Amino acid sequence: MRRLLAICGLFLIIFPSLTAEAADPVEVEVVLKRHYIDGNETVVTHLEKIYAMEDFWSTYHDWQLVTQKEGQVVLKQDVMDISPSLKKDGYFGIYKGKLTIFEGRPIDQQAIQSFYQINKGKLESHQAKQLEEGIRIQSKEVYEEVLEAFRSKNELKALPS
């Protein structure tokens, strides 16, 4: 509650014409940044008329304030899911010996992000083939399962003492 009051107070300093009884709304550029677990970020910008400060903050109650200046408010949100672009076109594959995410199938070589070295000798033949053809990423669960499955293939086993 203190944080909300502090933000509201700062908002009034930056937008002094906006009070609970303001006759004219204040128009601000609202920048919404969403950060996804796969490292992607989407940014949406729009103009919004603010009639009451309380209404504005209740609309964005699950967002964090990043910056605020006259005429602009930047908010961010951490989304515990993979990005829409990854759901649409993402594939796991292998590139230069590393587990890699591609935009489209790995054969097109549109690498987006690499993770860790894959020891091909530890892979079963069907796993190697899956990586060559590309493993479609359509959900957070698939994303996490593939990362974990291939990470565990590369972990060194503890030697008995």
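**Thoughts on the pattern of salt bridges**
Now for step 1: Enumeration over the complete set of coordinates arrives at three salt bridges.
Now for step 2: The closest approach of N and O atoms between Lys-87 and Asp-81, which form a salt bridge, is 2.7 Å.
Now for step 3: In this structure Lys-87 comes out as partly exposed when scored by relative accessible area, which is 32%.
Now for step 4: Among the salt bridges present, the one from Lys-129 reaches Glu-133, with a minimum N-O distance of 3.8 Å. Of this pair, Lys-129 and Glu-133 both sit in helix α4 (residues 125-133), four residues apart, which is roughly one turn of the helix.
Now for step 5: Taking the relative accessible area as the measure of exposure, Lys-129 reaches 49% and is therefore partly exposed.

**Points about unusual backbone geometry**
Excluding glycine, residues mostly have negative phi values, and the peptide bonds linking residues are mostly trans.
Now for step 1: Located in the positive-phi region is Lys-96, a residue other than glycine, with phi close to 50°.
Now for step 2: Assignment of secondary structure puts Lys-96 in the loop between β5 (90-95) and β6 (98-103).

**Some remarks on the sheet that holds strand β7 (residues 111-117)**
Pairing between sheet strands relies on hydrogen bonds along the backbone, with the strands arranged either parallel or antiparallel.
Now for step 1: Taken together, four strands build an open sheet; the order of strands is β7-β6-β5-β8 and the sheet is antiparallel. Two strands close off the open sheet at either side, each with one partner strand: β7 and β8 (135-136).
Now for step 2: Contacts from α4 reach β5, β6 and β8 within the one sheet, and its direction differs from that of β5 by about 115°.

**Comments concerning the side chain of Thr-100**
Now for step 1: Structurally, the position occupied by Thr-100 is in strand β6.
Now for step 2: Classification of Thr-100 as buried rests on a relative accessible area of 0%.
Now for step 3: Of note is the side chain of Thr-100, whose polar atom sits 3.1 Å from the side chain of Ser-114.
Now for step 4: Ignoring any residue separated from it by four or fewer positions in sequence, one finds Thr-100 in contact with Tyr-91, Phe-92, Gly-93, Tyr-95, Ala-111, Gln-113 and Ser-114.

**Quick look at the sheet that holds strand β3 (residues 64-69)**
Now for step 1: Sheet architecture is open: four strands sit in the order β2-β1-β4-β3, paired in mixed fashion. Every other strand in the sheet has two partners, leaving β2 (41-50) and β3 as the edge strands with one partner each. Across the sheet, the axes of successive neighbouring strands diverge by a mean angle of 20°, strand direction being ignored.
Now for step 2: The pairing of strand β1 (residues 26-36) with strand β4 (residues 72-79) spans eight bridges and is classified as parallel. Paired with Lys-33 across the bridge in β4 is Lys-76.

**A closer look at the pairing of β3**
Now for step 1: Pairing geometry for β3 and β4, over five bridges, is antiparallel. What sits directly across from Gln-68, in β4, is Val-73.
Now for step 2: As consecutive antiparallel partners, β3 and β4 are separated by two residues, and within that stretch Gly-71 has a phi angle of approximately 85°, a positive value.

Cut-offs and rules
Residues numbered from 1 in each chain as written. Predicted model: local features only at pLDDT ≥ 70, side-chain atom pairs only at ≥ 80, totals over all residues. Heavy atoms only, no water. Salt bridge = Lys/Arg side-chain N within 4 Å of Asp/Glu carboxyl O. Buried < 20%, exposed > 50% of the residue type's maximum accessible area, 1.4 Å probe, protein only. Helix = DSSP H or I, 4+ residues; strand = E, 2+ residues; numbered from the N terminus. Pairing = 2+ DSSP bridges. Contact = heavy atoms within 4.5 Å. Axes fitted to C-alpha atoms, helices over the stretch in contact; angles between N-to-C directions. Polar contact = N/O pair within 3.5 Å; in protein donor to acceptor, adjacent residues only side chain to side chain.

All we've got here are geometric facts, nothing functional implied.
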